[in-house]
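Spelled out from the first residue to the last, the chains are:
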There are 2 protein chains.
Amino acid sequence: MPVTSAGAKVASLEAGKWPEDVGILAVEVYVPRTCVNQTELEAFDGASAGKYTIGLGQLNMGFCGDREDVHSLALTVVRGLMERHGVAYEDVGRLEVGTETILDKSKSTKTVLMQLFAESGNTSVEGIDTTNACYGGTQALFNAVSWVESSAWDGRFAVVVAADIAVYASGNARPTGGAGAVAMLIGPNAPLVLERGLRSLHMEHAYDFYKPNLSSEFPVVDGKLSIRCYLTALDKCYQRYSEKAGGVTLANTDYLIFHSPFTKLVQKSLARLKFIDFLRASAPDTAESATYAGMESLTGRTLEDTIGDKTVERLLVKVSSAEFSAKTSDSLLLGREVGNMYCASLYGGLASLFAT
Amino acid sequence: MPVTSAGAKVASLEAGKWPEDVGILAVEVYVPRTCVNQTELEAFDGASAGKYTIGLGQLNMGFCGDREDVHSLALTVVRGLMERHGVAYEDVGRLEVGTETILDKSKSTKTVLMQLFAESGNTSVEGIDTTNACYGGTQALFNAVSWVESSAWDGRFAVVVAADIAVYASGNARPTGGAGAVAMLIGPNAPLVLERGLRSLHMEHAYDFYKPNLSSEFPVVDGKLSIRCYLTALDKCYQRYSEKAGGVTLANTDYLIFHSPFTKLVQKSLARLKFIDFLRASAPDTAESATYAGMESLTGRTLEDTIGDKTVERLLVKVSSAEFSAKTSDSLLLGREVGNMYCASLYGGLASLFAT
């Protein structure tokens, strides 16, 4: 059971420096009790058998009934986190919500969560909501970690909430919905530490996925462009991260988890990282049983000219299947069973990895 | 002209500690070119003469034509900041937007601003949008400062944008609209430093001001409750801040700036701080020409029983008029002339103070 870190606070404030091992102390997940079986959805939609279950790699899709919304998801997951780990509400100094499920254009979900704090009398809780598609939960986590490392930290925990309800208009994207919330307790002396100085980002202006119709729950999606954006950002981030970390490759990495719009995209993403490793290797060994076996036909290809190339994708998925099974597949438990939880997806992946 | 702080970065990273004097290096303001004169608005609305100009203390109200929206306000103010101070886009490592003017429920205004960065090739820019009524700009500033103090800081600047368009349905609140954007450059060795360890907050769940009608620009406002929320939060924050700072009072403070929904509320707020000083003084001197002259009738009154008491408000405004003129009035230049800029209001106040 985590406790407040008053000692660490005093030491770090005195020295004007960061506390040690800042990261994730605990994770709580909440998903709705109701779901649609993807095989049945294929039949209902008149889609070919396997289109959702094999093509997308999805088994079930969670959805909320009319008694739940993103506020109730967030309330439930935060109370679960606090109760399960015996954290007192007065010991939380920051609470931030990453979501793109907007019930109000002004009042944040964070303030709704302040109801949970009312009895404790603790109103000194920094942080509000942060929004940009599925990235909100990650930015909320980064903000919380920076807060713990900053002079504003007062020795108390931060709580980060990532919560979304993903629903699509009827059509190709509908089976890629989902719903869920993850709450994380952040502080020093964490079992899961965010390594310092390795964070890598790619931000770009694009209209691949957006919600301009404010009175609709549905996003506007350009599926092809969205996948291109996802893979381009992945390419950039992996290369930047690998460089900062002194040459990370799939081979020297234990686990890789991804934001999962649907399982198959994650498998293609992991496969793409193997291609990046191949491109970065000075003399990639493509001999049978070697790391890059079966990839000789990719010599001379580039990241740019392979995005969307189905033949290359299939080849890469095949040659990276062992890495996918060993290092990524377990993290997709919630993704397969619940679907895309937008901001919560990546952290549902983290929880899945812990649970398997 | 500010420069990147690579030296400070190296020193602080090596020691694992915060760089010195983190704060605001530069401020840029943009307001629309069009405004409504409040005297003319009184006549148009059939309101009594002086209702808006004296009762609210407002002179003009800025508004956007159909060629501007919150995206264009933000684009303009960021480009202004960068060009005026000769900052290169590759020297920005964080960009965050505080706004409650929501044009899209998923895609952030921050990503729209990434268009300005395209030519530089810099896509490694952390930060997205952050929302909770008028507090978004302040949280964005706090997040940026924490980032500079954290291990994630890479020696580059942060840019914080606060931008909003405030429009109200016809009725009492309409003359309290406004529009504008402020951009701030954040880094170490700043002329305006955020003092460490003194930040004070009050967060509570309330439905005083919110925007549940997602297809409308107009908020739902309970004016009376909203003012009560404002003053209650002010009471708490001032008391907490004063305690942390070792007994701050109006007398030992040079300037006080406020979020300004309308000028008269700020004057009442400053007046209320004088009442808090009075309540906290062990033996407040109410003799003629003394600090608390004219306040003897307030002995025995409390913060709670004076909220909304017009007689007390008038008395407090009167006895604090010298402090208001000397320490706060100058900061209301933009507030009086442009109106409420929501997230940008407080920082428009800061810029007003610099300019006068």
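Residues numbered from 1 in each chain as written. Chains lettered and ligands numbered in written order. Predicted model: local features only at pLDDT ≥ 70, side-chain atom pairs only at ≥ 80, totals over all residues. Heavy atoms only, no water.

Caption draft 1: Region of interest: the interface of chain B and chain A. With 62 residues of chain B at the contact, the number on the chain A side is 62 residues. Where chain B packs against chain A, one counts two salt bridges. With its nearest N and O atoms 2.8 Å apart, the salt bridge here joins R199 of chain A to E126 of chain B. The interface formed by chain B and chain A contains 44 residue pairs in polar contact (both at pLDDT 80 or more). Those elements that place two or more of their residues in the side of chain B that touches chain A are α1 (6-15), α5 (109-117), β5 (129-131), α6 (136-149) and β9 (209-210) of chain B. Where strand β5 (residues 129-131) of chain A and β5 of chain B come together, three bridges link them in antiparallel fashion. Paired with D129 of chain A across the two strands is T131 of chain B, which belongs to β5 of chain B. (Contact = heavy atoms within 4.5 Å. Salt bridge = Lys/Arg side-chain N within 4 Å of Asp/Glu carboxyl O. Polar contact = N/O pair within 3.5 Å; in protein donor to acceptor, adjacent residues only side chain to side chain. Helix = DSSP H or I, 4+ residues; strand = E, 2+ residues; numbered from the N terminus. Pairing = 2+ DSSP bridges.)

Caption draft 2: Focus on the sheet that holds strand β4 (residues 92-98) of chain A. Spatial ordering of the open sheet is given by β8(A)-β1(A)-β7(A)-β6(A)-β4(A)-β5(A)-β5(B)-β4(B)-β6(B)-β7(B)-β1(B)-β8(B), a layout of twelve strands whose pairing is mixed. Where the open sheet ends on each side, the last strands, each with one partner, are β8 (192-193) of chain A together with β8 (192-193) of chain B. Running at roughly 95° to strand β1 (residues 23-30) of chain A, helix α13 (residues 345-355) of chain A makes contact with β1, β7 (178-187) and β8 of chain A of the sheet. Each of β1 (23-30), β7 (178-187) and β8 of chain B is contacted by helix α13 (residues 345-355) of chain B, which is oriented at about 95° to β1 of chain B, the strand it contacts most. (Axes fitted to C-alpha atoms, helices over the stretch in contact; angles between N-to-C directions.)

Caption draft 3: The arrangement of the packing of aromatic side chains in detail. Residues and elements named next belong to chain B. Per the counting criterion, the structure on display carries twelve aromatic pairs over all chains. Ring geometry for Y89 and F117: centres 4.9 Å apart, planes at 70°, overall edge-to-face. Placement of the pair is Y89 in the loop between α4 (70-84) and β4 (92-98) and F117 in helix α5, with a sequence separation of 28 residues. Residue F117 is classed as buried on the basis of its relative accessible area, which comes to 1%. (Phe/Tyr/Trp six-rings, centres within 6.5 Å; stacked < 30°, edge-to-face > 60°. Buried < 20%, exposed > 50% of the residue type's maximum accessible area, 1.4 Å probe, protein only.)

Caption draft 4: A look at helix α7 (residues 223-244) of chain B. All names here are of chain B. With 22 residues, α7 extends 31 Å between its outermost C-alpha atoms, agreeing within 8% with the 32 Å of an ideal straight helix rising 1.5 Å per residue. Regarding α7, the residues found buried are S226, Y230, L231, A233, L234, D235, Y238 and S242. Looking at the buried positions of α7, the neighbouring elements they touch are β9, α8 (263-280) and α9 (303-306). (Expected span 1.5 Å × (residues − 1).)

Caption draft 5: Looking closely at the environment of L59 of chain A. Residues and elements named next belong to chain A. Note on placement: L59 falls in the loop between α3 (51-55) and β3 (60-63). For L59, a relative accessible area of 37% gives the class partly exposed. Along the sequence, L59 and G339 sit 280 residues apart, while their C-alpha atoms lie 8.2 Å from each other. Not counting chain neighbours up to four residues away, the residues in contact with L59 comprise V36, N37, Q38, R336 and E337.

Caption draft 6: Layout of the pattern of salt bridges. Per the counting criterion, the structure on display carries 28 salt bridges over all chains. We note a salt bridge from E126 of chain A to R94 of chain A, for which the minimum N-O separation is 3.1 Å. Taken together, the residues E126 of chain A in the loop between α5 (109-117) and β5 and R94 of chain A in strand β4 connect sequence positions 32 residues apart. Just as E126 of chain A is buried, R94 of chain A falls in that class too. One salt bridge in this structure joins R94 of chain B and E96 of chain B, with 2.4 Å as the shortest N-O distance. The pair formed by R94 of chain B and E96 of chain B is uniform in burial state, with each residue classed as buried. Ionic contacts of the salt-bridge type, sharing partners, join the residues R94, E96 and E126 of chain A together with R199 of chain B into one network.

Caption draft 7: Expanded view of the UniProt feature "active site" (unreviewed entry) in chain A. Under the local residue numbering, the UniProt record ascribes the feature "active site" (unreviewed entry) to E100, C134 and H259 of chain A. Here E100 of chain A is to be found in the loop between β4 and α5. In contact with E100 of chain A, not counting residues within four places along its chain, are T131, A133, C134, D164, F209, K211, Y342 and C343 of chain A together with K105 and S106 of chain B. By the secondary structure assignment, C134 of chain A is in the loop between β5 and α6 (136-149). Discounting chain neighbours no more than four positions away, the residues touching C134 of chain A are E100, H259, Y342 and C343 of chain A. (UniProt positions renumbered as here; feature names shortened; annotations may be inferred.)

Caption draft 8: A look at the packing of helix α7 (residues 223-244) of chain A against helix α8 (residues 263-280) of chain A. Residues and elements named next belong to chain A. Where α7 meets α8, the axes come as close as 10 Å, and the angle between the chain directions of the two elements is 45°. Between α7 and α8, the angle falls in the class oblique. Relative to α8, α7 is oriented so that their crossing is right-handed. Contact with α7, carried on its side by I227, Y230, L231, L234, D235, Y238, Q239, S242 and E243, involves L265, V266, S269, R272, L273, I276, D277 and R280 of α8 and no other residues of that element. Considered class by class, the residues forming the contact of α7 with α8 number nine nonpolar, three polar and five charged. (Parallel < 35°, antiparallel > 145°, perpendicular 65-115°, else oblique. Left-handed = near helix turned anticlockwise from the far one by under 90°. Nonpolar A, V, L, I, M, F, W, Y, C, P; charged D, E, K, R; others polar.)

Caption draft 9: Local environment of the packing of α8 of chain A against helix α10 (residues 310-319) of chain A. All names here are of chain A. Two elements in contact, α8 and α10, have axes separated by 8 Å at closest approach and are oriented at 85°. As summarised for this structure, α8 and α10 are arranged roughly perpendicular, according to the angle between their axes. Where α8 approaches α10, its residues Q267, K268, A271, K274 and F275 are matched on the opposing element by K310, E313, L316, V317 and V319. In terms of residue class, the contact of α8 with α10 is made up of five nonpolar, one polar and four charged.

Caption draft 10: Summary view of the relation of the copies chain B and chain A. Note on the identical chains: chain B maps onto chain A by a rotation of 180° and an axial translation of 0.0 Å, with an RMSD of 0.0 Å. Here the transformation between the copies is reduced to the relation of a two-fold axis. A high fraction, 100%, of the interface residues of chain B reappear at the interface in chain A, so the copies pair face to face through one surface. (Least-squares fit on C-alpha atoms with pLDDT ≥ 70 in both.)

Caption draft 11: Region of the structure containing the UniProt feature "domain: Hydroxymethylglutaryl-coenzyme A synthase C-terminal" (unreviewed entry) in chain A. Sites flagged by UniProt as "domain: Hydroxymethylglutaryl-coenzyme A synthase C-terminal" (unreviewed entry) map to residues 192-354 of chain A. Across residues 192-354 of chain A, helical content stands at 47% and strand content at 4%; the span's end C-alpha atoms are separated by 11 Å.

Caption draft 12: Broad picture of the domain arrangement of chain A. Residue and element names in this part refer to chain A. Domains assigned within chain A are domain 1 (6-193) and domain 2 (209-253 + 259-327). Just the C-alpha atoms count here: the centres of domain 1 and domain 2 sit 26 Å apart. Between domain 1 and domain 2, the contact holds 14 residues from the first and twelve residues from the second. A buried area of about 1,100 Å², summed over both sides, lies between domain 1 and domain 2, and 59% of it is on carbon and sulfur atoms. Taken as a group, E100, V167 and Y168 account for 36% of the area that domain 1 buries against domain 2, more than any other trio of residues on that side. Summed over the shared surface of domain 1 and domain 2, the result is one salt bridge. Linking E100 and K211 is a salt bridge whose minimum nitrogen-to-oxygen distance equals 3.1 Å. For the side of domain 1 that touches domain 2, a count of residues per class yields six nonpolar, five polar and three charged. (Domains from an automatic or database assignment. Buried area = accessible area lost by both parts, 1.4 Å probe.)

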